[in-house]
Amino acid sequence: MTAADSRAVRLELLRLMLKIRVFEEKIVSVYPAQDMKTPVHLYIGQEAIAAGVCANLRAEDYVFSTHRNHGHYLAKGANLDGIVAELYGKTGGCSKGKGGSMHLVDTDAGCMGTSAIVGGSLALGTGAALAIKMRGENRLSAIFFGDGAADEGTFQESLNFAALKKLPVLFVCENNFYATNSPQSARHSVPEIYKRAEAFGIPAAHPDGNDADAVYEAASIAAAHIRAGNGPYFLQCDTYRWKGHVGPDCDFEKGCRPRAELDKWLERCPVKTYQARLLKSGGITEQELAQMRARITAEVEAAWDFAKKSPYPGPRELLTDVYK
Amino acid sequence: MPWTKVPIDKSEFENTLGKEGLRGRSYRQALLEAQTQLLESDPSVFVIGEGVDDAGGVFGSTLGLAQKFGKERVLDIPIAENGLTGIAVGAAICGMRPVFVHMRMDFLPMCMDQLVNHAAKWRYMTGGRLNVPLVARSIAGRGWGSAAQHSQALHGLFNHIPGLKIALPATPYDAKGLLISAVRDGNPVLFCEHRWLYDFTGYVPEEMYTVPLGQAVTRRKGGDVTIIALSLMVYEAVKAASALEAEGIDAEVIDPRTLVPLDEAALLESVKKTGRVIIADTGVKTGGASAEIAAVIAEKGFEFLKAPALRVGSPDSPVPASPELEKLYYPGANEIAKAARALCGKK
């Protein structure tokens, strides 16, 4: 029996995906009020990757992420109040209102910050792994990035160095086929990004990024490889973002993407298909599912209440935290 | 004080401080000693950069460190300045204290994204929850036709980026003391050295000591004109002051030692006393360190000025290769003295 067959793991994967979905949909619903003044890069449609990978991570493992970070932050178990208050620019925010949606942090949960410069976190996460190795610690560094980051120099530089020094890094490429609105076909001579990892001598897998079980299984093998001291591992998870590059709306109506392409991926909804799979296999009952959803919704609503009550930063905050 | 003295050459040191039994070391030896003691005393410190473990040892400043501390803590790296800077930043975020070494300051623009977008901002963007205790050493070159891509003094470029600190040690004493401070500081610090300073000798105590970031030092006291000089220009300013003394002009030489933080109070106090100021920098004038210091004085010390602030720096051109053009490109003691005479109304 593989790990993903265990009921507890499957319920956790569903819980993490549902949490991300409910959270992101809440943003979509409140965003038109325009009091959440931060550019949001929503993760809806990609939930299986954050859930499948983070279910294999421990509290002490590091996570580095990008502008599209909400899913990773939530799946890693970071503080929910902190993220919502951050989106509203409040002092109770995880970055005290100085980072916004693109710059979340929760060091207790191993979330060491997120970069909105494409490819930036690849180098940072690799450096975290260097620190782990130098100190002989028992943890790993997971880096989430998109297919756009594979275009950047830091991608090649980080993969080479991680392989050269056998660093404990899990590279997770979320290939949603678009960098802003530029399709992968306009950017990559070879669409199989994982082949580049293999060229650096890094073992790689290419699980279905919309199947939480497939991602979980691949990440489980990857994490075991890394924890055994064998160096980095690379996952390419193909998926699709339902919303535009930024903001709560879809972008096919602007001509950014073909509607038929979106429709095809909507049918492959990672949350819906996983719910159905669990219901069918008896992993969860309708009633349990409703309870799970209700608990998550309550948690999310409570975080919104916290954020609304949290004060805005005062003038003194402008110039604090520039330097230690 | 022996630690503020600027011996113009080795023989001056030997005939003065050396005779008093004070310990003399070159700038490169001071850097090497600082890194040795940092590596010995703090397991989170490591040295990383292209060729840091090679036979040259970055002009001698890292010589033997790899043999002493191992290649795990003194790392040679791929020629990938931006990615590796990001890797150093990532290690720093997780509590290490990397000292990144660039043989030429011209390689810093390769790391612009990681220095400017990441190192400088990580603390602020995370609401102060994470720090980047990274030191980036780099060396400005000069002469022998090193030309436009191997001779730049780019510290002024980074002066525009809040979140970075910038140190420019002129003496061996400061090279050691400022480097130890920079590594312990907890913020990203650009440590800007000058290749021509490497052979200068001065007083360097053997024990670990610190020179605080943000504290200027008076290299020479005077009442007629203030010369604020950075890096190699400190020596040119001291030479100029000696020449001016014979002409009856009493120049004060102030070395800020760090551009960020800038010891504005010390600079303004001197300008208040003399009423005249020259800012001498190793970089180009436009938009650079000298421009910023002049602006600070204009904003906060205008009423002290008896004459306009003057800048001595390089012209707005890439660094030329020909020795004859190099002579025109680099100002020195003569140009500083000329500016002082103009300010003091003497030809």
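Residues numbered from 1 in each chain as written. Chains lettered and ligands numbered in written order. Predicted model: local features only at pLDDT ≥ 70, side-chain atom pairs only at ≥ 80, totals over all residues.

Quick look at the overall build of chain A now. For chain A, the count of helices and strands is 11 helices and 8 strands. Structurally, chain A occupies a C-alpha span of about 55 × 50 × 40 Å along its principal axes. Scored against the burial criterion, the 324 residues of chain A give a buried share of 53%. Considering only contacts within chain A whose residues lie at least 6 apart along the sequence, 74% involve residues at least 24 apart. (Helix = DSSP H or I, 4+ residues; strand = E, 2+ residues; numbered from the N terminus. Buried ≥ 20, exposed ≤ 12 C-beta atoms within 10 Å, placed from the backbone. Contact = placed C-beta atoms within 7 Å.)

Glancing now at the overall build of chain B. In terms of regular secondary structure, chain B is built from 13 helices and 14 strands. The C-alpha atoms of chain B give a radius of gyration of 20 Å, which matches the 20 Å a tight globule of 347 residues would have. When the backbone C-alpha atoms are referred to their principal axes, chain B occupies close to 60 × 50 × 40 Å. (Rg over C-alpha atoms; globule rule 2.2 N^0.38 Å.)

For the rest of this paragraph, the subject is the sheet that holds strand S8 (residues 233-238) of chain A. Residues and elements named next belong to chain A. Taken together, the 6 strands give an open sheet; going across it, the order is S2-S1-S3-S4-S8-S7, and neighbouring strands pair in parallel fashion. With one partner strand each, in any of the chains shown, strand S2 (111-114) and strand S7 (204-205) form the two edges of the open sheet. As judged from the 2 bridges shared by strand S1 (residues 62-65) and S2, these two strands associate in the parallel manner. In the strand pairing of S2, Val63 is matched with Cys111. Contacting S1, S2, strand S3 (141-146) and strand S4 (169-175), helix H5 (residues 120-135) crosses the sheet at an angle of about 170° to S3. (Pairing = 2+ DSSP bridges. Axes fitted to C-alpha atoms, helices over the stretch in contact; angles between N-to-C directions.)

Residue and element names in this part refer to chain B. One open sheet accounts for 7 strands, arranged S3-S2-S4-S5-S7-S6-S12; its pairing is mixed. Strand pairing shows two members of the sheet lacking a second neighbour, strand S3 (74-75) and strand S12 (258-260), which therefore form its edges. Of the pairings in the sheet, the one linking strand S6 (residues 165-167) to S12 comprises 2 bridges and is antiparallel in character. Looking at S12, one finds that Ile166 is bridged to Val260.

Before going further, it helps to spend a moment on the interface of chain A and chain B. In this assembly, 32 residues from chain A lie in contact with 35 residues from chain B. Taken together, the elements giving at least two residues each to the side of chain A that touches chain B come down to S2, H5 and helix H6 (153-164) of chain A. Residue contributions to the side of chain A that touches chain B peak at 10 residues, all from H5 of chain A. Broken down by class, the residue content of the side of chain A that touches chain B amounts to 12 nonpolar, 15 polar and 5 charged. (Nonpolar A, V, L, I, M, F, W, Y, C, P; charged D, E, K, R; others polar.)

Turning next to the pairing of strand S2 (residues 45-49) of chain B. On any regular strand, side chains alternate: one points to one face of the sheet, the next to the other face. All names here are of chain B. The buried fraction of S2 amounts to 5 of the 5 residues, a majority that puts the element mostly inside the structure. Judged by which residues are buried, S2 turns out to be covered on both faces: Val45, Val47 and Gly49 on one side and Phe46 and Ile48 on the other are all buried. Sheet analysis places S2 next to strand S4 (residues 97-102), joined by 5 bridges and oriented parallel. Counted as the bridge partner of Gly49 is Val101 from S4. Pairing analysis gives 2 bridges linking S2 to S3, with the strands arranged parallel.

Residues and elements named next belong to chain B. Split into domains, chain B comes out as domain 1 (10-203) and domain 2 (217-343). Computed over C-alpha atoms, the centres of domain 1 and domain 2 are 25 Å apart. Counting residues at the interface gives 26 residues for domain 1, matched by 23 residues for domain 2. Those elements that provide at least two residues to the side of domain 1 that touches domain 2 are helix H7 (155-158), S6, helix H8 (172-185) and strand S7 (189-194). When residues in the side of domain 1 that touches domain 2 are grouped by element, the largest group, 3 residues, is from S6. In terms of residue class, the side of domain 1 that touches domain 2 is made up of 15 nonpolar, 8 polar and 3 charged. (Domains from an automatic or database assignment.)

Attention now moves to unusual backbone geometry. Going from Val260 of chain B to Pro261 of chain B, the amide bond is cis rather than trans, its omega being -5°. Mapped onto the elements of the fold, Pro261 of chain B is located in the loop between S12 and helix H10 (264-274). The phi angle at Phe177 of chain A is positive, at roughly 75°, despite the residue not being glycine. Within the element layout of this structure, Phe177 of chain A appears in the loop between S4 and strand S5 (178-179). Positive phi is not limited to glycine here, since Arg257 of chain B has a value of about 65°. Relative to the assigned elements, Arg257 of chain B resides in the loop between strand S11 (251-255) and S12.

This paragraph deals with the nonpolar core. All names here are of chain B. Counting 203 residues, the largest nonpolar core has Ile227 and Ile278 as its most contacted members. Both domains that meet at this core, namely domain 1 (10-203) and domain 2 (217-343), each give it at least three residues. Other than its neighbours up to four places away in sequence, Ile227 contacts Ala237, Ala240, Ala241, Ala251, Glu252, Val253, Ile278, Ala280 and Ile336. (Core = buried A, V, L, I, M, F, W, Y, C linked by C-beta atoms within 7 Å.)

What follows concerns H6 of chain A. In this model, H6 of chain A (12 residues) spans 17 Å end to end at C-alpha, consistent with the 16 Å of a helix rising 1.5 Å per residue. Turning to H6 of chain A, the residues buried within the fold contact H5, S4 and helix H7 (194-199) of chain A together with helix H4 (81-93) of chain B. Trailing H6 of chain A by a residue or two, Lys166 of chain A shows a phi angle of about 50°, which is positive. (Expected span 1.5 Å × (residues − 1).)

The subject of this paragraph is the pairing of strand S5 (residues 135-140) of chain B. All names here are of chain B. With 6 of 6 residues buried, S5 lies mostly within the body of the structure. Taking every second residue as pointing to the same face, both faces of S5 are buried, with Val135, Arg137 and Ile139 on one and Ala136, Ser138 and Ala140 on the other. By the bridge criterion, 4 bridges tie S4 to S5 in an arrangement that is parallel. Among the inter-strand pairings, His102 is bridged to a residue of S5, identified as Ser138. Taken together, the 6 bridges between S5 and S7 define a ladder with parallel strand orientation. Across the sheet, Ser138 pairs through a bridge with Cys192, a residue of S7.

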